[in-house]
Amino acid sequence: MYDILIVNFPAAMIMAFYANGHLPSKIAFVILDCFWFWFTYKAVIAIKSNDVKKHRRFMLRSYALTFSAITLRTWKIILSHSFTIDPLSLYMIDAWMGFVPNLLFAEWLIQKKQY
């Protein structure tokens, strides 16, 4: 968890500012990185306070955002084979599709399972 907070967050923030896809992609990656940091940070604080239930909820969110790298590539394959779309537009769409569905699914799981 600490590697996300200390190494990945600053590195991903720099990468977000230089992302392809103009402003929409940059915004998506900045939001993704901030959420990833925040949820992981809150999970660390929760477990240090012995609040396992809260820790689980925040780690589920953090895992969902960690998995976004895989989801982004999966959506890229699906979208590029389903539609004729220029690469730049595809990347702008893909930047959001990489993490928003994951986070929505995590929230649904949290509500359904009552973590």
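About the thresholds
- Residues numbered from 1 in each chain as written.
- Predicted model: local features only at pLDDT ≥ 70, side-chain atom pairs only at ≥ 80, totals over all residues.
- Heavy atoms only, no water.
- Helix = DSSP H or I, 4+ residues; strand = E, 2+ residues; numbered from the N terminus.
- pLDDT = per-residue confidence, 0-100.
- Buried < 20%, exposed > 50% of the residue type's maximum accessible area, 1.4 Å probe, protein only.
- Contact = heavy atoms within 4.5 Å.
- Expected span 1.5 Å × (residues − 1).
- Salt bridge = Lys/Arg side-chain N within 4 Å of Asp/Glu carboxyl O.
- Core = buried A, V, L, I, M, F, W, Y, C linked by side-chain atoms within 4.5 Å.

1. Regarding the environment of Lys53
Piece 1. Here Lys53 lies in helix α3 (residues 52–66).
Piece 2. Along the sequence, Lys53 and Gln111 sit 58 residues apart, while their C-alpha atoms lie 13 Å from each other.

2. Quick word on the environment of Lys42
Piece 1. Among the secondary structure elements, Lys42 is positioned in helix α2 (residues 22–48).
Piece 2. Once the C-alpha coordinates of Lys42 and Leu88 are considered, the two residues, 46 residues apart in sequence, prove to be 34 Å apart.

3. Some points on the confidence of the model for the chain
Piece 1. Taken over all residues, the pLDDT of the chain has a mean of 91, while the share at 70 or more is 97%.
Piece 2. Mean pLDDT per element in the chain: helix α1 (residues 2–17) is the minimum at 79, and α3 is the maximum at 96.

4. Thoughts on the environment of Ser68
Piece 1. Along the polypeptide, Ser68 turns up in helix α4 (residues 68–82).
Piece 2. Under the relative-accessibility criterion, Ser68 is labelled buried at 6%.
Piece 3. C-alpha of Ser68 to C-alpha of Met97: the two residues are 29 residues apart in sequence and 8.6 Å apart in space.
Piece 4. Those residues within four positions of Ser68 in sequence are excluded, and the remaining contacts are Leu32, Gly98, Phe99 and Asn102.

5. Some points on α2
Piece 1. Taking 1.5 Å of rise per residue, the 27 residues of α2 would be expected to cover 39 Å, and the 40 Å separating its terminal C-alpha atoms lies within 8% of that figure.
Piece 2. Every buried residue of α2 is accounted for by Ser25, Ala28, Phe29, Leu32, Asp33, Trp36, Phe39, Thr40, Ala43, Val44 and Ala46.
Piece 3. Looking one or two residues beyond α2, the residue adopting positive phi is Asn50, at roughly 60 degrees.

6. Describing the pattern of salt bridges
Piece 1. One pass over the structure, following the stated rule, counts 1 salt bridge.
Piece 2. Here Glu107 and Arg61 are joined by a salt bridge, their closest N and O atoms 2.4 Å apart. One end of the pair, Glu107, is in helix α6 (residues 100–113); the other, Arg61, is in helix α3, and 46 residues separate them in sequence.

7. Focus on the nonpolar core
Piece 1. Phe29, Leu32, Phe39, Leu65 and Phe99 are the most contacted members of the largest nonpolar core, which totals 16 residues.
Piece 2. At the level of elements, α1, α2 and α3 are the ones that each hand at least two residues to this core.
Piece 3. It is α2 that contributes the most residues to this core, 6 residues altogether.
Piece 4. Ignoring sequence-local partners within four residues, the contact set of Leu65 consists of Leu32, Phe35, Trp36, Phe39, Phe99 and Leu103.

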